[in-house]
Amino acid sequence: MKQTISIITSVLIIVLTLLGLISKWFGNENVYHIENGVLDLRNWNTMEEGTVKLNGEWEFYKNKLIDPEEFAYYSHEKSYIKVPGNWDSEFTGTKNSIETGTYRLSILVPEKDRFGLQINSIRHASKTFINGEFVGGMGITSSLIDEHSYREGKYLVFPTSKNGLLEIVIHVSNTHGVPNGGIVKSISFGEMNQIISESNRSKFFDGIIVGGYFLLGIIFFFYFVLNKKALDELYFALFCFLQGVYVSTQNEKLIYLFFQDIPMNVLLSIQLSFISLSVLFFLLFINHVFKKHASNRLTKWVASILIIQAIYLGIPKPPSELLNLPVQSIQILFIIIMVIAFIYIIFILIKSIYHRVQGARYLLVAGACFTSYGFSLGLELFLEIDVSHIPLTLFLIMTISFSFFIGYRRILAYEKIDTLSKEVLVQSQIKDQFLLKTTEELITPLHKIIQYSDMLMQGKRGPLKKMQHELVFWINHACKKIYSLVKDFNFVRIHDDKLNLKPVRLELINEMVEELSIFIKEPKKISIEKQIPANLPFVIADESGLRQILFQILQNAITFTKVGKITVSAYQNKDKIHISIEDTGVGMEEEYAERIFENFFQIPQQNNSEREGIGLGLSITKKLVELMGGKIWVDSVPGKGSCFTFSLQVYRSDNEVATSVTEIEPLEYPIKQFNSNHSNVILLVDQNHHQLANMMNLLINQGNSVIACDKGSDAYDLITLDSIELAVIDIKTQDVSGVELTKKIREDFHLAELPILLLSVSGHPFHLPSSVQLGANDVIQKPVDENEFISRIQSLLSIKEAFKESIHNELMYFQGQIAPHFLYNTLNTIIGLSYQDIDKTREALEHLSIYFRSKLDYQKQESLVALEEEIEFVQSYLTIEKLRYGDNLQIVYNIDHDIDTLIPAMTIQPLVENAVQHGLSKKTGGGTLKLSVKKVANQIKIVVEDDGLGISIKKQDELLSSSSSRIGFKNPFEKLKLIKNSSFQLVSKEGKGTKIIILLKS
């Protein structure tokens, strides 16, 4: 039905346009005819017949501007010309710069007082006389180029007849070469009131059209402002504005109402450039709306030509320049370009209608209007038919049709959005259900992975090697992080009964601020200011949840503030406490102020490399606040910062909440308390003496030895001096923060070698920056819960014990490799001696018996031996080799016997053996072996040096990369890797000898 109505409407538009054009073409024939310059209106009934068009044969005097009283002198030059019509044929071949002529008409009228004439279009300057009196004009008529000034437009004159006669004389001048000169449109004649009414109707009609264009332009421009991606609406708005200005320069030329003295050359430039730009943006609008049916390449070409044309024609040309321009050629080129653009636009519209584009019924009407508009405009340009308001009316109808089309598309878009919104809601519910089920399914396997990895780290299934322990730790850490994320996902299921609401002190805000201040990377650029009154009452809250709220907002403020300050304040407002966290960071747009509390939402295009997470933090924060009976909101200005504020209910009770703590006797720290059995030694570091005393008591009661201190600097010294099994460190400590202390400890101790348990106000290991996570084995919230604290301590001590056992087993494994190797080589040496010297053989066997008697059984149990015993063992071996090689083996000892330290068993001997067997024995004439053991600064330096054959560079690389199969070198090298703060250096040159340097921490 709607399609039928649009077809009928389109047909009516075309038919009515044709009828209107026909009436304009043939309707110009007056009942009263002008013959030989005279019109007889004495029988004219003004009331019934209305106005008269002064069409017909006017007297014409070529190249003359004759005053009304001088016509008697020029009667021989009189000719006749048809009005309306141009005079171009009259001036063919003329060489004058200015074309001039005088039109004359005598009208016989009834006896009336006042009449009126509406001069519609005389090109391009005119001056009108009636009964010898000057009554009006446009421009300045003159035969001289310097005096001539062209100006076109309508004007009204109101003459009085003399004895029933009106003599109309019109002077006209036009620049030569500018086509369509003369009286080109009909002059209306009638009673004064009729002419005024007709003029007012025309102006009103033009005003409606211009106002309609501007109104549509404003509407669609605001649509674009609301949705900046809708470029088609921007193009349509610009088209409407430009078309409105163009129409104001046509017909009644309403532009004169605002700019009375606008020069004609400027007006002409506005007309031509604005109609070019109008077509340009209309083309862009059509191209954007119907992309599938338009050619981008062709659109760019046509648009480029229109832009060039608009720029060229938009520059006003001085009158003198017009004489040298090929005006007619420019006019033809202008028409050709416009015709091409119109044909291309019609082609796109027809193609879109053919392919049944949505809203095609509106396009059908618009296409009919556009086609009729082009046809009527062509008749006016080429056949000089006065089509009046027909083109403008058609263009306005076409514009309205496109407006309806855009509106229809908007309705479709809204309907689609509504449908999609409903689908999104359904999908969101499905997603939530899927998420909940998925997280429920994840919890069990994650819990098992965490449990089993804890068991592996604690050595319950056998000790792990150092690298294996590190990998299992990161598996455990990653699973805990995922487990924490799963708990966040499940938070949407929390109800009020899940929170432990109770009176909570607000002093914890200060604690949170002090702790998080440590994590500011550049404290000189950012400061945190606290404005928390000491007398604030308790609030009803879940303490753990309140910590999480404060942490989330403070962490966001720190992350998004590069320079400035963060202010944390609180005040009481009746029965509510308002807590605000204000920063001077990047801020946010107002449109995001509510959305940032939505699940998974993150502000787009907020370029910050430190932003982490998946957008759940603030949504969880909001839910926690609401579950505690409060509200949360944000005020923000882009580039100036944000202020998050949340409210909590004040705790009201007749009984005051107990806030006092047990007084403890002042003590001098550090304090050492050892149990008689010298069990595990645990270091406690906390500036809060009350908490420190509480933790000491808990640990001592569990049979542990404790060293407690309240300064970070003391803690590190104690770690280096005492054999500490575990460190419990508060993030906020005196002089050196717990974070820095943890980093410093990790430079010297592996995660399992010295486990660290951090004490934190927030207590959530994944709320803390990664730098802390990399240094600490675990994080616990303070004040500590007794059972949880003891459980964490025991778990970390198990990890430490498992690590020690792992190192012991590895050293024993390497020792098991080297013992057979040593025995095999030594027995071969003794066998060799037995063929040469029985006495030396006996002496060698005596030294071998020392190895079996005092070393072998003992070393099966211990992986580390005293350096003195290792040296004694090396000396026994070298004595045997000396018996074998005699003077070919020279041995030089430089040993400090006062050094007391432990070393992996059979570390030096294999290196000495390598020097003898592979360096010196193969050298002609033998050589010298030097063994040096000295204390240098806080290190022990062991040097095994020979002047034998040396080692090639390639072989050295193989040895140091552990790709060599030589057990005598590889075994000590691998053992020393397991010893903390040890180093191994190989220096060798072929033909010069080899030096091995071992550095051990004193």
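Per an unreviewed UniProt entry, the chain carries the name histidine kinase and comes from Ornithinibacillus salinisoli. Its UniProt record gives the chain a comment under Catalytic activity (unreviewed entry), which states: "ATP + protein L-histidine = ADP + protein N-phospho-L-histidine."

Trainee: How should I be thinking about the packing of helix α13 (residues 543-559) against helix α14 (residues 617-627) in this particular structure?
Mentor: Between two packed helices, what matters for the description is the angle formed by their axes and the separation of those axes. The geometry of α13 relative to α14 is characterised by a closest axis approach of 10 Å and an angle of 140° between their N-to-C directions. Crossing handedness for the pair α13 and α14: left-handed. Where α13 abuts α14, its residues G545, Q548, I549, Q552, I553 and N556 lie against G617, L618, I620, T621, L624 and V625. For the contact of α13 with α14, the residue count by class is six nonpolar, six polar and no charged.

Trainee: Sorry if this is basic, but what is going on with the side chain of T645 here?
Mentor: Looking at the element boundaries, T645 is found in strand β21 (residues 641-649). Taking the relative accessible area as the measure of exposure, T645 reaches 5% and is therefore buried. Within the local environment of T645, its side chain forms a polar contact with the side chain of S580, the two groups lying 2.9 Å apart. When sequence neighbours within four positions are dropped, the list of residues in contact with T645 reads H578, I579, S580, K631, I632 and W633.

Trainee: Just checking my understanding: could you explain the pattern of salt bridges for this structure?
Mentor: Between side chains of opposite charge, a pair can form when the charged atoms approach closely. With the rule as written, the count across this model stands at 13 salt bridges. R104 is the salt-bridge partner of E167, the closest N and O atoms lying 2.7 Å from each other. Here R104 lies in strand β6 (residues 98-108) and E167 lies in strand β12 (residues 165-175), a separation of 63 residues in the sequence. Of the two residues examined, E167 and R104, each falls in the buried class. Among the salt bridges present, the one from E788 reaches R792, with a minimum N-O distance of 2.6 Å. Here the residue E788 and the residue R792 both occupy positions in helix α19 (residues 786-834), the gap between them amounting to four residues, near one helical turn. The exposure class of E788 is partly exposed, given its relative accessible area of 35%.

Trainee: Help me understand the pairing of strand β26 (residues 756-760), please; the structure alone is not making it clear to me.
Mentor: Looking down a regular strand, the side chains alternate between one sheet face and the other. Where burial is concerned, most of β26 is hidden: five out of the five residues are buried. The two faces of β26 match: I756, L758 and S760 on one face and L757 and L759 on the other face are all buried. Between strand β25 (residues 726-730) and its parallel partner β26, the chain crosses via helix α17 (residues 738-748), and the hand of that crossover is right-handed. Summarising the sheet, β26 and strand β27 (residues 778-781) pair through four bridges and their orientation is parallel. Counted as the bridge partner of L757 is D778 from β27.

Trainee: Quick question: what am I supposed to make of the packing of aromatic side chains here?
Mentor: Any pair of aromatic rings gets described here by the distance separating the centres and the angle formed by the planes. Scanning the entire structure with this criterion turns up 21 aromatic pairs. Centroid distance Y213 to F239: 6.4 Å. Interplanar angle 85°. Geometry classified as edge-to-face. Within this pair, whereas Y213 is found in helix α3 (residues 192-226), its partner F239 is found in helix α4 (residues 231-248), the two being separated by 26 residues in sequence. By relative accessible area, which is 0% here, Y213 ends up buried. Owing to a relative accessible area of 1%, F239 belongs among the buried residues under this scheme. Ring pairing ties together the aromatic residues Y213, F220, Y223, F236, F239, F282 and F285, which thus form one cluster. Lying across the ring of F134, K127 places its NZ or CZ 5.6 Å from the centre. Sitting over the face of the ring of Y256, R151 holds its NZ or CZ atom 4.4 Å from the ring centroid.

Trainee: Got a minute to help me understand the nonpolar core in this structure?
Mentor: As a rule of thumb, soluble globular proteins bury nonpolar side chains together. The biggest cluster of nonpolar side chains holds 73 residues, and the ones touching the most others in it are L546, L550, I579, I596, F646, L683 and I745. Here this core gets eight residues from one element, more than from any other, and that element is α13. Leaving out residues up to four positions away in the same chain, L546 has contacts with V504, L506, L508, A541, M628, F646 and L648. Within the second largest apolar cluster, 50 residues are counted, among which are F236, I390, L396 and F405.

Trainee: Quick question: what am I supposed to make of the sheet that holds β25 here?
Mentor: By way of backbone hydrogen bonds, the strands of a sheet pair with one another, either parallel or antiparallel. One open sheet accounts for six strands, arranged β22-β24-β23-β25-β26-β27; its pairing is mixed. Two strands close off the open sheet at either side, each with one partner strand: β22 (671-673) and β27. Sheet twist, expressed as the average angle between the axes of neighbouring strands with direction ignored, equals 15°. Here four bridges tie strand β23 (residues 681-685) to β25, and the two strands are oriented parallel to one another. Directly across from V685, in β25, lies its bridge partner I729.

Trainee: Help me understand unusual backbone geometry in this model?
Mentor: Phi is mostly negative for residues that are not glycine, and the peptide bonds are mostly trans. H124 follows R123 through a cis peptide bond whose omega is 0°. Secondary-structure assignment places H124 in the loop between β8 (122-123) and β9 (125-130). That bond from K782 to P783 is cis: its omega, 0°, falls within 30 degrees of zero. Counting through the fold element by element, P783 comes out in the loop between β27 and α19. In the Ramachandran plot, N36 falls in the positive-phi region, its phi being about 55° despite a non-glycine side chain. Relative to the helices and strands, N36 is located in the loop between β1 (34-35) and β2 (38-40). In this structure, N63 takes a positive phi of about 60° despite not being glycine. Tracing the sequence through the fold places N63 in the loop between β4 (56-62) and β5 (79-83).

Analysis parameters
Residues numbered from 1 in each chain as written. Predicted model: local features only at pLDDT ≥ 70, side-chain atom pairs only at ≥ 80, totals over all residues. Heavy atoms only, no water. UniProt positions renumbered as here; feature names shortened; annotations may be inferred. Axes fitted to C-alpha atoms, helices over the stretch in contact; angles between N-to-C directions. Helix = DSSP H or I, 4+ residues; strand = E, 2+ residues; numbered from the N terminus. Left-handed = near helix turned anticlockwise from the far one by under 90°. Contact = heavy atoms within 4.5 Å. Nonpolar A, V, L, I, M, F, W, Y, C, P; charged D, E, K, R; others polar. Buried < 20%, exposed > 50% of the residue type's maximum accessible area, 1.4 Å probe, protein only. Polar contact = N/O pair within 3.5 Å; in protein donor to acceptor, adjacent residues only side chain to side chain. Salt bridge = Lys/Arg side-chain N within 4 Å of Asp/Glu carboxyl O. Right-handed = clockwise from strand over helix to strand, strands pointing away. Pairing = 2+ DSSP bridges. Phe/Tyr/Trp six-rings, centres within 6.5 Å; stacked < 30°, edge-to-face > 60°. Lys NZ or Arg CZ within 6 Å of the ring centre and 35° of its normal. Core = buried A, V, L, I, M, F, W, Y, C linked by side-chain atoms within 4.5 Å.

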